[in-house]
Amino acid sequence: MTAPNKISVLFVCMGNICRSPTAEGVFRALLKNHEDTALVSRFFIDSAGTTAYHVGSTPDQRSQKTARQHGVDLSSQRARQVVDEDFEAFDWILAMDSSNYADLMRQCPNHYQHKVRLFLEFNPDQSLKDVPDPYYGVGDGFERVYQLVSQASSGFLSHVLATTSS
């Protein structure tokens, strides 16, 4: 599933149509636009959901629209559910909220639980622990998700680069 010798990252929300595909797209764009142009080749990135509600679906149109407004294309992504093999295959499994974190920890074998983290742990503004689910919301929920995952993506990349270069 993942490429050998790459840093593998799995972003996870509930249905894999709003938050985690946005995080996947934002992180890909961050790597692509980084001053170190070879950085993108050092990573394998994917997203998944803790449920099978939307397997095979494209990201929510509101997520796609918001991402597009920021120059990020999510249209090629398709929702999938987390599978047991993901816990071995990925170096980092980043949950969008506490509920999905708990679901992942229940599914994850004990010897891989160190890989599962809350994504917003890497947000420089640590006042929030959860990326709010915008699916049923109104207003600027999708923009808020975009901003939160952008901040956390930058913090996460800095963390990974600091820990892999030492």
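Quantities reported herein were computed from a predicted structural model and do not represent experimental measurements. (Residues numbered from 1 in each chain as written. Predicted model: local features only at pLDDT ≥ 70, side-chain atom pairs only at ≥ 80, totals over all residues. Heavy atoms only, no water.)

A. Representation of the nonpolar core in the model. Core analysis: the biggest nonpolar cluster contains 30 residues, and Val 9, Phe 11, Phe 27, Phe 43, Phe 119 and Phe 156 have the highest contact counts within it. Among the elements of the structure, strand S1 (7–13), helix H1 (19–32), strand S2 (43–49), strand S3 (92–95) and helix H5 (141–164) are those that each provide at least two residues to this core. It is H5 that provides the largest number of residues to this core, a total of eight residues. Among all residues touching Phe 27, those that are not within four sequence positions of it are Val 9, Phe 11, Phe 43, Ile 45, Ser 153, Phe 156 and Leu 157. Of all hydrophobic cores here, the second largest spans 15 residues; its members include Leu 10, Ala 89, Phe 90 and Cys 108. (Core = buried A, V, L, I, M, F, W, Y, C linked by side-chain atoms within 4.5 Å. Buried < 20%, exposed > 50% of the residue type's maximum accessible area, 1.4 Å probe, protein only. Helix = DSSP H or I, 4+ residues; strand = E, 2+ residues; numbered from the N terminus. Contact = heavy atoms within 4.5 Å.)

B. Geometry of unusual backbone geometry. Located in the positive-phi region is Asn 16, a residue other than glycine, with phi close to 65 degrees. Along the chain, Asn 16 turns up in the loop between S1 and H1. Assessed through its relative accessible area of 2%, Asn 16 is described here as buried.

C. Region of interest: the sheet that holds S3. Spatial strand order, S2-S1-S3-S4: four strands in an open sheet with parallel pairing. Sheet topology places S2 and strand S4 (116–118) at the edges, where each strand pairs with a single neighbour. Between one strand and the next, the sheet's axes are offset by a mean angle of 25 degrees, whatever the strand orientation. As defined by bridge partners, S1 adjoins S3 across four bridges and the pair is classed as parallel. Bridge pairing in S3 places Val 12 opposite Ala 95. Contacting S1 and S2, H1 runs over the sheet at an angle of about 170 degrees to S2. The strands touched by helix H4 (residues 98–107) are S1, S3 and S4; relative to S4, the strand with the most contacts, the crossing angle is about 170 degrees. (Pairing = 2+ DSSP bridges. Axes fitted to C-alpha atoms, helices over the stretch in contact; angles between N-to-C directions.)

D. Representation of the layout of surface pockets in the model. Taken as a whole, the largest pocket holds about 190 Å³ of empty space. Taken together, Glu 24, Gly 25, Arg 28, Ala 29, Lys 32, Asn 33, Gly 71, Val 72, Asp 73, Ser 76 and Gln 77 form the lining of the largest pocket. (1 Å grid on protein atoms, 1.4 Å probe; cavity = no way out; pocket = protein on both sides within 12 Å on 5 of 7 lines; lining within 4 Å. Points joined across faces, edges and corners; volume = space filled by probe spheres on them.)

E. Representation of the pattern of salt bridges within the structure. As enumerated under the stated definition, the model contains eight salt bridges in all. Residue Arg 80 is joined to Asp 86 by a salt bridge in which the shortest nitrogen-to-oxygen separation is 2.9 Å. As a salt-bridge pair, Glu 121 and Arg 117 come within 2.8 Å of each other at their nearest N and O atoms. Owing to a relative accessible area of 33%, Glu 121 belongs among the partly exposed residues under this scheme. The class for Arg 117 is partly exposed, based on a relative accessible area of 25%. Each of the salt bridges in this network shares a partner with another, and the network as a whole consists of Arg 19, Asp 97 and Asp 133. (Salt bridge = Lys/Arg side-chain N within 4 Å of Asp/Glu carboxyl O.)

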